[in-house]
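A closer look at the structure
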Amino acid sequence: MNQVIVHPERCVGCMQCMAACATAHSRTRQLFSAIRETPLPRSRIHLGTGLYAEGFPNRCRHCNPAPCMLACLPGAIHRDMQTETVYVDPDRCINCASCAMACPFGVIRYHEDASAPPKKAVAIKCDNCMERQQQERVPACVEVCKSGALTFEDNSKALKRKTDQVAQSISAGIDVPQGSPSFTLLNTIKRAQIAVRHAAV
Amino acid sequence: MNYVIIGNGIAGVSAAEAIRQLDGSCGIFMISNESVEPYCRPMISLVLEGTVSASKLPIRGSSFYQSLNITPVLGSRVARMDVDAKILFLSDGKTLPFDTLLIASGADPRPVKAPADLANIFFMRNQHQVLKMLEALPRTRHALVLGGGLVGFKAACGLLHRGIDVTMLIRSGYPLSLQVDEIAGGMILSELTRRGLNVRVGTEVTAFKGINTVTGALLSDGSEICCDLVIIGKGVLPAVSFVPRDRIQVDQGIVVDNHLETTCPGIFAAGDVVESMDIARKTRWVNAIWPEAATQGRIAGMNMAGRAVVYKGSLSRNVIRIFDLDILAVGWVNAPDDPRFTVLSEHNQCLNTYRRLVFEGDSLIGATLVNRIETGGILTAMIQNEIPVRASKEKLLEPHLSLKSLMF
Amino acid sequence: MSCTYHQQTITEDGQLLLKKAQTDQIETVWDRHQAQLPQCGYCELGLSCRNCIMGPCRVDPFGEGPQQGVCGADADIIVARNLCRMIAAGAASHSDHGRDLVEVLANVAKGQAQGYAIRDPEKLKKVAAEYGVETLGKDILVIAGELAFAMQEDFGTRITELTLLKRAPAKRREIWKNVGITPRGIDRETSEMMHRTHMGVDNGWQSLLLQGLRNALSDGWGGSLIASEVSDILFGTPSPKPTNVNAGVLKKDQVNIVVHGHNPVVSEMILMASQSSELIQLAESKGATGINLAGVCCTGNELLMRHGIPMAGNHLMTELILSTGAVEMMIVDYQCIMPSLGKVASCYHTRMISTSDKARFPGMEHREFHPENAEELAKALVQEAIQNFDNRSRIYLPVEPVKAIGGFSVESIVGALGGSVAPLLDAIKAGKIRGAAGIVGCNNPKILHDYGHVTLARRLIENDILVVDTGCAAIATAKAGFKMPDAIQFAGPGLKDVCGALGIPPVLHLGSCVDNVRILMLAGALANALNADISDLPIAGGAPEWYSEKAVSIAAYFVASGVYTVLGPMPPIAGSLNVVKLLTEGLRDVVGAVFAVEPDPEKSAILIRRHIEERRKALGLGFHTL
C-alpha cells in the first residue's frame, strides 16, 4: 500500500506543501479562490524550523496504536483499516484538545474548517488526502514537493532504496555522490552562519 | 478460561478489547454498578454545560458487549472476593468465579465532613448524577461548588456557561492547584472571575441548611451563603472497599508491578484504582486520568491474555479549555524548590501565553502551557520517554516547536 | 523571544531598545525574520524563476525533480539570471539616486532650486573639466548647467563609454575592453541586463554574468560616482569632523528629528531649516532647548560626513530608534526604509513623513520634495516637528552616545597626507601598513547585528590593515568606538604609528553607500601612483552583513574593478556550482579578482590578510605567508 513518506534531509523549506494542503482541504480546491474562503482553509502539514533554519515537513504519522485515538474522549478519532488512516470525525469532536496532549508529533490543530460544522472549531489533522486518493491522485503535499522530501510509495520500496544507499555508501573505494552538492553547500553556509552567532554570544 | 473485569469504564473496556483481540474463544465478564453502556466519563461535565447531549456519551456502539461476546453483569457491585478460591461475591448475593481478574473499579468521590443528605447536593462522578442535576437546574439560581480541583472546576465552568451564579470554595489560592502552577492558576482564576465566578479562598462548609432541599451553607469563617444547588468536587478515592488488603497490597491505590499485576498473581488492576510508578516523580502515584486508564486497560488486557507487555509508568496530564484559555499541564508541574530541578518559564503578556518547563538534569519532567498548546504532545512524549534535552532548553519554550528543532 | 537580545545584536542600545520594543508590543525585523523561517530553499539557492508566466519554475537541487524551467533554462541559467537581476536592481537604485542629484544640479544652474547652491565650486570645475566642459572665465552656474547636461549623457546612449572611466588605471580599462565589459551608458547597462534576462534572450550563464559585471561597473564608475561627486559639488566635499553615534544621540530636552534614507537632497534642506534661528526660537517657546537633527542609514551618513550631524543607528536600528518615544518626526526619502516603520511610529507620537515621488510607505504622510519647493517644505516640516514636541509621552534613552570622527573623502585623506598618496604608499611599502580594506554593506537579521562589521574591523586593524568603511558598516564600527584617534590602541604597531602620527583613527569613515566609489577612487589613485592595476594592490573588500540588491551591485563592481571581496551572507547562487565556481575562482583569470563567501568574520579577516600578503609578495614587498 502506498503511503506518504517524509525524507527530511531533502526538505528545502519552500512551504509548497502547506499551500497545497490548505487548498486541497478548501471548499473550492483552487488556490486563488481558496484564499478568499471563510473559514480560511489551513494546512494540515506544518513546516517546522530546525536548529539551522532548515525545513521539516511535520505531518500525521497515522500511528498504530494512535495515542490521539486512545486519548480521544468522545471517540471521534478512528482508524480506517483499509488505508491505515487515522481520521477525526468533525461531528463527534468536542474540541477538548486531549489529542494535542497525546500527539507526540504536535500535528493536530484546532480551528474551523470546511469539513466541520459551521462556526465550530474542531481537531484538524492530515487525512492522507483520501478524497484525492479515491480519484487516483496522490496526496496534495506529495504532488507539489519538487525536491523529493515527500514521496508517495510503498514503505518497503522506500526502505529498500534507503538500504541500497547505505550499502553503496560503504562500498569500499567507490565515492557515490549523495544528495545535492548545491544544497549541501547552502546548508554548510547556513550552519556556519548560525554557528558564528552562537559562538559570538 | 474466564476473564472477569470489574468496571466498565475506559480501563475495563480497553482491557476487554485487548483480551478479545488475543483470545477469540474465552469468556469475558464485565461487572458494573452502572447499568448504562460504556460512556465517556470526562464528558459528563459537558452534559451539565449543555454543549453535548447525553446521547453522545457512549464510547462504543450499542452492540459493544454483543460484538465482543462479553457477558455484562450490570447494576451489581462486588461486595468481597476470595482470592484463593477465585470467586467474587456480588452485592445481590450472586457469585462469579474467575481465572484471571482485572480490577478496574475506578474511584469514588471523596465525601465532605458536613452531613450532606439534603436534595440538590450532588457529587459529579457519573452520568446518572449529572442527569439528576439537569432536572434541578431550572430552579437553580445560585450554585455552590466545593473544591477547585478538576471536578469542581468543570462543574463551575458548566454552570457558568448556563448563566447560573456560581460560588466556588477552594482551599488553596487558585483553582487546579494540583494540576497547574501558581501563574497559570492565576490566569485561570482571573479568566473565571472575569466570566462571573465568585471565588472564596481558604474556607469550607461546616453545615448545609434547608428542609429536604438545600437552601444554603454555613462556612467555617462564620458566614452563610445562599444556594439551591451544591456540587461536591473534593477529589476522588480509589474504589477498593472490596479488596482484601492482606492479600493485595493497597497504598493510596492498588499497587501493581510493571505488567499491571497486583501482588496477588492472576489479579490485575488498571485505571483510577491503580497506584503506579509516576514517570516524572519517579515514585508511586495515583494518576486518575482517562488516557492512563485507556493505556493501562489495554496493556493489562494483553498481559492477562498471555502476551507480556511492560507498562512504563504513568504520567499526570490534563488539558483544559475554558472560554479564551487553553491550559495544558503535564508531568510534575509543581516540583519543589530544590537545586535538583531547574525551571524555565516565559510569560508573554502580549500573546497571553505562558510556558513553564521543569527539568531534572537534562530531562524534562513537567510542563505547563497556557495557550498555543498544539505542540504540547511533543513535550509530553519527551517526558514520557525520558528523552534528554541536548539542544538548548530555551528552544522548548518556543510555541512553534518542531521535532526537527530538537534533533541534533 | 525573551532573553535573546544578546543573540540579536551586540550593541547595548540595540539590546535595551529591543527589550523596550517587546514591552511596547512592537514587532521588529527580527520577529518577522523568525516568522519567515524556514526560508524557501529554492529561493535561497537561486533555483526559482518568476521571470515569465509559463512558470513560475524551480529546479530540484536533488536532481530527481525538474531540472529545467518550462522554457528550458537549467540551474546555471536560472541562477545567473536571478543574480543579474539583483545587480540590475542595485545598479538602478544607486544610479537613479545619482540622477536625482544631477537634476538638482541642473535646477540650481537654472536658478530654480531655492536653498540649493554650488558649495564646492573647485570640485565643480575639476569634474567639469573631466567632462570636457570649458570652465575658464565661465560663471559657475553656467558650468553647472553644462556639467549636468554632460552627466545626463552618461545616463543615456549617445556615448560609447562612461566619462569617468578615465579615472581608472589604464591596465584596468584595458581588461574591461578585452573582456567586453566596458560600461557604455548607465541606464543602458541596466536596461540591457533586464533585456538579456527576459525569456529567450541571453542563455549563456557566463555571458549573462559578464553583463552583470558591466552593469555593476555602470554603477560604480557611473551612477554612484556621479551621485557622490554631485553631492560634494552641491553640499561640499567632506572633511574630518567630530560627531556622536548610537541611540543616545537623541536628546531628552530637544526636538528630535531623524532623517532616514539615502539622498542628501532632502536631508540637507532639513538641516538648514533646523538651524534657522526662527525655528530654534519656536522650539524654545515649546520648552525644548533646541532642535536636534540626527540620521539613520545613509542620508545620515551624508550629513555626518559634511556637517558632523550625529547618527542614531544603522539599518536594523531604524525601528528601535522609534521605540525610544523621543522622535518627534522621521523624514524619509528612499532605499532601505522598512515599510513597517509607519506601524511602529503609530505606537508613539512620532510623525512619519515620506518625501520622494517614487517612494511611498504605509502609515506615513506624503509631503513631496522637489528642488523648487524643498527649502520652504523643509521649514514647514521642522515647524510641525516642533509642534509635535508637546505630544511626547514617556521617553527612553538608555545609553550615552559614543564619539566618532567622520568625513574622510579622498580629497581630505590626500590633504591629510600632505597633498599626495605617496606617504600612504611609503607606509605600505615599508610594511607599517600591510594594506587596506573596505568594509561595506548593510545589516541583516540573519547575522548578529554589528558583530560582522565590528569583528572584521577589529581583526584587520590588529593586523596593521587600514580600514575604510561606509554605510551601515561605518555606523557599526563608529558605535564600537573605532572611529576615534585613540582607537589606535586596538591597532597593530605599524598602523598605530602611522595613524598616531597623522592623528587619524585606524578606521576611516568614507561616507554613505554611494560613497563606496570613494574607496574605488582611492584605490585607483594608489594604483595610478604605482603605475599598476587595482588588482595588484594589497587591498580587499568585505561585506559581512549585507542584505540588499545594492550590495550585490557594489560587490560586483568591486570585483570587476579588481578588488578581492569577501561576502558574509551567501548570495542566492548555490543552486549552480558552475556559477559559484566562476564567481569564486574563474573570475580571477577574467578580471583579476574573485568573490569569497565566509560567514565567520574572524575567518574573513584571515582571508583578507592572506590575500593582502599574496599581493605584497607579487609586488616585491615584505610579506608573511599565512
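Now for a quick tour of the structure. None of the values given here were measured: they were computed from a predicted structure.

**Focus: the nonpolar core**
Membership of the largest hydrophobic core comes to 179 residues, with the highest contact counts inside it found for C:Trp221 and C:Ile270. In terms of residue count, helix α5 (residues 75-109) of chain C provides more of this core than any other element does, 16 residues in total. Setting aside residues up to four positions removed in sequence, C:Trp221 forms contacts with C:Leu162, C:Leu164, C:Leu165, C:Arg167, C:Ala168, C:Trp176, C:Leu520, C:Met521, C:Ile534 and C:Ser561. Ranked by size, the runner-up nonpolar core spans 104 residues in total, among them B:Ile10, B:Phe29, B:Tyr174 and B:Ala329.

**Description of unusual backbone geometry**
Phi is mostly negative for residues that are not glycine, and the peptide bonds are mostly trans. In the segment running from C:Leu37 into C:Pro38, the intervening peptide bond is cis, with an omega of -10°. Here C:Gly55 and C:Pro56 are connected by a cis peptide whose omega angle stands at 5°. Tracing the sequence through the fold places C:Pro56 in the loop between β1 (48-49) and β2 (57-58). The residue A:Met15 is not glycine, and still its phi comes out positive at about 65°. If you check the backbone angles, A:Ala97 has positive phi at about 70° while not being a glycine. Here A:Ala97 is to be found in the loop between β5 (85-88) and α4 (98-102).

**Observations regarding the packing of helix α6 (residues 121-130) of chain C against helix α10 (residues 205-235) of chain C**
Residues and elements named next belong to chain C. Relative to each other, α6 and α10 sit at 145°, their axes nearing to 7 Å. As for the relative orientation of α6 and α10, their crossing is left-handed in sense. Within the contact between the two elements, α6 uses Lys123, Leu124 and Val127 and α10 uses Glu229, Asp232 and Ile233. Here the residues of the contact of α6 with α10 sort into three nonpolar, no polar and three charged.

**Details of the sheet that holds strand β5 (residues 87-90) of chain B**
All names here are of chain B. Pairing is antiparallel in the open sheet, where three strands are placed in the order β4-β5-β6. Since the sheet does not close on itself, it has two edges, and those belong to β4 (78-82) and β6 (95-97), each with one partner. Taking each pair of neighbouring strands and ignoring which way they run, the sheet shows an average axis angle of 20°. Note: β5 against β6, three bridges, orientation antiparallel. Counterpart to Ile87 in the pairing with β6 is Pro97.

**Concerning the pairing of strand β2 (residues 27-32) of chain B**
Residues and elements named next belong to chain B. The buried count for β2 comes to five of six residues, which makes it a mostly enclosed element. Bridging between strand β1 (residues 2-6) and β2 involves five bridges; their strand directions are parallel. Of the residues in β2, the one forming a bridge with Tyr3 is Ile28. Of the strand pairs in this sheet, β2 and strand β3 (residues 70-74) are connected by five bridges, and their pairing is parallel. Directly across from Phe29, in β3, lies its bridge partner Thr71.

About the cut-offs
Residues numbered from 1 in each chain as written. Chains lettered and ligands numbered in written order. Predicted model: local features only at pLDDT ≥ 70, side-chain atom pairs only at ≥ 80, totals over all residues. Heavy atoms only, no water. Core = buried A, V, L, I, M, F, W, Y, C linked by side-chain atoms within 4.5 Å. Buried < 20%, exposed > 50% of the residue type's maximum accessible area, 1.4 Å probe, protein only. Helix = DSSP H or I, 4+ residues; strand = E, 2+ residues; numbered from the N terminus. Contact = heavy atoms within 4.5 Å. Axes fitted to C-alpha atoms, helices over the stretch in contact; angles between N-to-C directions. Left-handed = near helix turned anticlockwise from the far one by under 90°. Nonpolar A, V, L, I, M, F, W, Y, C, P; charged D, E, K, R; others polar. Pairing = 2+ DSSP bridges.

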